[in-house]
Amino acid sequence: MPAEVNESLATLSDQLILVTVLLYLGAMICFALDLAFGRARTVVAERRRQLVGAGGPALPEETAEDAGPQPAAWAVRAGSFAVVLTWIAWAGNLAGILTRGIAVDRWPWANMYEFVVAICFAAVTAFLALLIRQPIRFLGAFVTVTAALGLGFAVLFLHVQAGPVMPALHSYWIAIHVTAAIVASGLFILAGVCAILYLIRRDGRPSVLPSRESLERVAHRAIVISFPIWTFAVIAGALWADRAWGRYWGWDPKEVWAFVTWVVYAAYLHARATAGWRGKAAMIVSLVAFGCLLFNLVGVNIFFSGLHSYADVPN
Amino acid sequence: MSAPDDLASAERDEAVRDEAVRDEAAAIEDARQEGTQERARPVGLGPAGWMRWTWRTLTSMRTALILLFLFALGSVPGSIYPQRGVDPSRVAQYFKDNPAQAKWLDRFWLFDVFSSPWFAAIYLLLFISLAGCVFPRALTHLKEIRRRPPAAPRNLLRLPHSEAFEGGLTLAQAAAALRRRRFRVVTGDGWVSAEKGYLRETGNLLFHIALLALLFAIGAGGLFGYRGNVLVVEGDGFSNAVAAYDRFMPGSRVTAESLEPFSFTLKDFQASYVAAGEKQGQPLDYLAKLSVQDSPTAAPRDVDLKVNDPMDVNGTLTYLIGHGYAPTFRVTDGKGQVAYDGPVPCLADDQATYTSECVIKVPDAQPTQLGFLVRFLPTTVPNGNAWVSVFPGAANPTVQVFPFGGDLGLKSGQPQSVYQLDTTNLKPLGTMSAQPTPLNVGETKELADGAGKIQFTGVKEWISLQITYDPGREPALLAAAAAVIGLVLSLTIRRRRVWVRVKDGKVTVGGLTRTEGGGAAFAEEFAQIVTALRGEPPTGDSAGADQGGGEPDGPARAGHVAPDAPTGNAAPGARPDEE
Ligand code: HEM
């Protein structure tokens, strides 16, 4: 059993995560500047990219704004710089995770701190991956601030010293079940950010925010990708429970909330296919599902006692 | 191919041709999914009419949506209140702490949420709704799969994706090009019609049917399977029979004979812990060494039982789920007889130090019955006037013994917990101190009033096991895997149609995706198809897209496509066809 911990690597990991928080904040500021002042250019260029690359919907309400004055050159550069900064922060986040994993010689998502750090990483990864093919730079400020807040929360309230884990977590299932849960959660966060912006955004009014249509599209795409992954994560969890606890499903609080989350996301997909629920109502359903996801992540560990021994929170 | 079907599809294509293609497409989707749900209530239709109405309402999407919400909402109390099926002792505790509230909660089955009638009502309704909506859809889909793609609409340029060009393309060439892209193709008088993406609906049906199968598998497992718990001390054995269990939970179709006849002895149990540092005392690994006989006549084999690694005997699984200390004692009574000699399982009070508590009951002791409360300290260090354990491993094991004499109350017929001493008719022997001097292994304590003596003879460990037989496991896994595959197909594949008309060297191509949200990706595919049809070799992803690049994005683009869009300039992506 690996009980040895490489302390200097563990410390390096903690420092890398701190630096990553700062980098995300920097990227957030640049994205915000771009959003506020670099907009006219962005809109035109992105619309063109949209038409060219994806044949996406035209955004009628924004067209009128296109005629506005050209944005300052520095604001234009802020946008590109923000993307570069986000990639650097992403690399820092990745390095923080890797060094921790190497320091303890196991998969680095076996307690709440490591789990939240990995989810923030997954959310940013999802954003950057979609950004390669889709004009969603407008989301940058919101995604990076979410990641910075998530990491900050993890560092301040969840941090535990790097170390070995409970025997229940010695299993290859951690690589399968938890990894899938992290990837799905990252994408759900992206969708959640879009859904919140969607509700803030009023149709038909000028705004620095993108149109509801594009927000909805990104949210839907993220959920469509993550829902099967989440389904798989829940099933992998059941398989692990079958190895570890002697039953594949036993309504442990975590299981209950994973199931609730799954059902409500399924309800979102159905809501989109049901007349009268499209648009706003469906987005609210997706936010309810997102709330269940977050509650499962944080609330269940705090309020209920269960079998999940990773819920290792400092008290 | 039946006539009404063709009529229906002709009507649909007629509608698609309409100016408001987009709204119409949405309406078609609605009609498809909502079915006849929005129908008025049947007034005076008689029982048959009412039943039809009820069935339609039950199997509509909206009802399914509401039932899904209820399903989610209904399972929430199961995480808030302790559940009998999960942890009966916490339920008992709840009854002790809030008797009045607990009584009310129990009336609503809130301690048995997942086996309650109202929870069953929700999921049965949901699954009837599911079956009622999936099976008719499966039949329709079977017909659809065999049907040929519908004839081309008259004016292809009004479709969400369209393109016109001059060229020498023949119908046969167009059909071949589309077949190469694995479209299903039919040709008519001057047109080619192609369709693709049937797997989407197949996947969707597979998913929903897999959910039904999953429910059956879980139900069958509950009926024909069983689960039991047992505690075994080092050196002791177990053989798989109902009477050997401490707690046995059979499904209603389980008989005593259906238990797999294996047996084992626990030779040794080892736990290792982090020795130093911030995480000192955290468990690292557990290992139980068993000697197992798969059947009474089989030769014994050695098995290492670990967490996450159950032992499998012909589908009956044995899991290591807990452990603790079982110090051994020899009690000699006032008449000099050995009245007790053996291990006593203790329950850990504190996981970090494994300070444990145990109870010894000696009903055979003379002249009075004896009872002992024992505190077991695995790694003892003095702490002022007291002694504490500082580590869960047994590095310096001692026991603190609190002796009682009198009536143990075992004759009253009331069931007693082996971990509790009923002291109503017992009195302490000698003066009771909160911190009696601990005994080391081998040491003996003389009891006051000539009641005898107790010797701490050694330390063993116990393990708790769960033994499960669930014939529904594998079917449930298969169903779950099918569900994921179906889900991926249903969420990633787009159903799409492409038509080509050729007239006097003028080629028009129109395309339509019937899947919401698929528009952007289809635009790319459509552009590639057009490029291919023009006889140019496709040039990767952005091939046809370049043509749209030069298109000025004016407000006019957003609203509609002019029917006579200039040749070659109709940007493939100019028309949003997704909502
Ligand atoms: C156990 C609960 C259920 C779950 C988890 C579930 C899940 C799903 C999912 C993930 C989709 C794909 C949605 C999409 O294509 O965007 C879907 C589609 C669909 N479901 Fe369900 N479903 C459930 C119950 C039901 C029930 C009870 C009905 C019938 C009343 C139903 C009818 C449909 C229909 C008609 C579609 C197709 C929608 C479309 O084509 O876009 N589902 N379901």
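Owing to the predicted nature of the structure, the values given are computational and were not obtained by experimental measurement. Within each chain, residue numbers correspond to sequence positions counted from 1 in written order. For naming, the first written chain is A and the first written ligand is 1, with later ones following in the order written. Only residues with pLDDT of 70 or above have their local features reported here, since the model is predicted, and side-chain atom pairs are shown and tallied only from 80 upward, although totals for entire chains, interfaces and linings are computed over all residues. Hydrogens and water molecules were not included; the side-chain quantities draw on all heavy atoms of the structure.

Some details on the nonpolar core
Now for step 1: The criterion is simple. A nonpolar core is a set of buried Ala, Val, Leu, Ile, Met, Phe, Trp, Tyr and Cys residues joined through side-chain atoms within 4.5 Å. Only protein chains enter the accessibility calculation, which uses a 1.4 Å probe; a residue is then buried when its area is under 20% of its type maximum, exposed when over 50%, and partly exposed in between. Counting residues in each nonpolar core, the largest one holds 130 residues, and the members touching the most others are A:Phe127, A:Leu139 and A:Trp230.
Now for step 2: For this analysis, residues touch if any pair of their heavy atoms sits within 4.5 Å. Excluding residues that lie within four positions of it along the chain, A:Leu139 makes contacts with A:Phe127, A:Leu190, A:Val193, A:Cys194, A:Leu197, A:Leu215 and A:Val218.

Points about the packing of helix H8 (residues 212–244) of chain A against helix H9 (residues 253–272) of chain A
Any two packed helices are characterised by the angle at which their axes cross and by the distance between the axes.
Residues and elements named next belong to chain A.
Now for step 1: All axes are obtained by fitting lines to C-alpha atoms, using only the stretch in contact for helices, and the reported angles, taken between N-to-C directions, cover 0 to 180 degrees. Helical segments are the DSSP runs of H or I of at least four residues, strand segments are the runs of E of at least two, and each set is numbered from the N terminus. The N-to-C vectors of H8 and H9 enclose an angle of 145 degrees; their axes lie 10 Å apart at closest approach. When you trace H8 past H9, the crossing you get is left-handed. Packed against H8, whose contacting residues are Glu216, His220, Ile223, Val224, Phe227, Trp230, Thr231, Val234 and Ala241, the element H9 presents Glu255, Ala258, Thr261, Trp262, Tyr265, Ala266, Tyr268, Leu269 and Arg272 at the interface.
Now for step 2: In terms of residue class, the contact of H8 with H9 is made up of twelve nonpolar, three polar and three charged. Rotating anticlockwise by less than a right angle from the far helix to the near helix defines a left-handed crossing, while the corresponding clockwise rotation defines a right-handed one. Residue classes follow a fixed rule: Ala, Val, Leu, Ile, Met, Phe, Trp, Tyr, Cys and Pro count as nonpolar, while Asp, Glu, Lys and Arg count as charged, and any other residue, Gly among them, counts as polar.

Digging into the confidence of the model for chain B
Now for step 1: The pLDDT value expresses, per residue, how confident the predictor is, ranging between 0 and 100. Per-residue confidence for chain B gives a mean pLDDT of 80; residues scoring 70 or more make up 83%.
Now for step 2: Both scores are given for the predicted complex: the pTM is 0.79, the ipTM 0.80.

Structural notes on the sheet that holds strand S23 (residues 496–503) of chain B
Residues and elements named next belong to chain B.
Now for step 1: In short, DSSP must find at least two bridges between two strands for them to pair. One open sheet holds the five strands; their spatial order is S1-S24-S23-S3-S2, and the pairing between them is antiparallel. Each having just a single partner strand, strand S1 (161–166) and strand S2 (184–187) make up the two edges of the open sheet. Averaged over neighbouring strand pairs, the angle between their axes works out to 15 degrees when direction is ignored.
Now for step 2: In this sheet, strand S24 (residues 506–513) lies alongside S1 in antiparallel orientation, the contact comprising six bridges. Within the sheet, the bridge partner assigned to Phe165 lies in S24 and is Val507.
Now for step 3: Relative to the sheet, helix H9 (residues 171–180) contacts S2, strand S3 (191–196) and S23, its axis offset from that of S3 by approximately 5 degrees.

Details of the UniProt feature "transmembrane region" (unreviewed entry) in chain B
Now for step 1: UniProt positions are given in the numbering used here, feature names are shortened, and annotations may be inferred rather than shown by experiment. UniProt feature "transmembrane region" (unreviewed entry): in the numbering of this structure it lies at residues 61–81, 118–139, 205–226 and 476–493 of chain B.
Now for step 2: Secondary structure across residues 205–226 of chain B comprises 91% helix and 5% strand; the distance between its end C-alpha atoms is 32 Å.

Describing the confidence of the model for chain A
Now for step 1: Here chain A shows a mean pLDDT of 82. Residues at 70 or above account for 83%.
Now for step 2: The lowest-confidence element of chain A is helix H3 (residues 60–63) of chain A, averaging 40 in pLDDT; the highest-confidence one is helix H7 (residues 173–200) of chain A, averaging 93.

Thoughts on the site of the ligand
Now for step 1: The cutoff for a nearby residue is simple: one of its non-hydrogen atoms must lie within 4 Å of the molecule or strand. Taken together, the neighbourhood of the ligand is formed by 26 residues, with A:His270, B:Cys133, B:Arg137, B:Phe207 and B:His208 sitting nearest.
Now for step 2: Of the chains in the model, those with residues near the ligand are chains A and B.
Now for step 3: Here a polar contact is taken to be a pair of N or O atoms separated by no more than 3.5 Å, where protein atoms must pair a possible hydrogen donor with a possible acceptor and residues adjacent in sequence count only if both atoms sit in side chains. Residue A:His270 places a side-chain N or O atom 2.6 Å away from a nitrogen atom belonging to the ligand.
Now for step 4: Side-chain polar atom of B:His208 to a nitrogen atom of the ligand: 2.8 Å apart, as the coordinates give it.

Here's the deal with the coordination of the iron atom of the ligand
Now for step 1: Coordinating N, O and S atoms are those within 2.8 Å of the metal (3.2 Å for Na, K and Ca), and as water is not part of the atoms, a site may appear to have fewer donors than expected. Protein coordination at the iron atom of the ligand comes from A:His270 (NE2) and B:His208 (NE2), with a distance range of 1.9 to 2.0 Å.
Now for step 2: Considering all six donor atoms around the iron atom of the ligand, the spread of angles at the metal, 84 to 178 degrees, places the coordination shape in the octahedral class. Residue A:His270 is found in helix H9, and its partner B:His208 is found in helix H10 (residues 199–224); the two belong to separate chains. Tetrahedral means four donors with every angle between 85 and 135 degrees, whereas square planar (four donors) and octahedral (six donors) require angles over 155 degrees between opposite donors and between 65 and 115 for all others; sites fitting neither are termed irregular.

Quick word on the packing of aromatic side chains
Now for step 1: Two rings from Phe, Tyr or Trp (for Trp, the six-membered ring) form a pair when their centres sit within 6.5 Å of each other. Planes less than 30 degrees apart are called stacked, planes more than 60 degrees apart edge-to-face, and all others tilted. This model, assessed by the stated rule, comprises 37 aromatic pairs over all chains.
Now for step 2: Here A:Trp87 and A:Trp90 contribute two aromatic rings whose centre-to-centre distance is 5.4 Å and whose plane-to-plane angle is 75 degrees, an arrangement assigned as edge-to-face. Of this pair, A:Trp87 and A:Trp90 are both found in helix H4 (residues 73–104), three residues apart, which corresponds to roughly one turn of the helix.
Now for step 3: For A:Trp87, a relative accessible area of 36% translates into the label partly exposed.
Now for step 4: Seen from their ring centres, B:Tyr325 and B:Tyr354 are 6.0 Å apart, and the 80 degrees between their planes marks the pair as edge-to-face. Placement of the pair is B:Tyr325 in strand S11 (residues 316–333) and B:Tyr354 in the loop between strand S13 (347–348) and strand S14 (356–362), with a sequence separation of 29 residues. As far as the burial class goes, B:Tyr325 and B:Tyr354 line up, both buried.
Now for step 5: Put simply, the rings of A:Trp249, A:Trp251, A:Phe259, B:Phe71, B:Phe114, B:Trp118, B:Phe119 and B:Tyr123 pair up and form one aromatic cluster.

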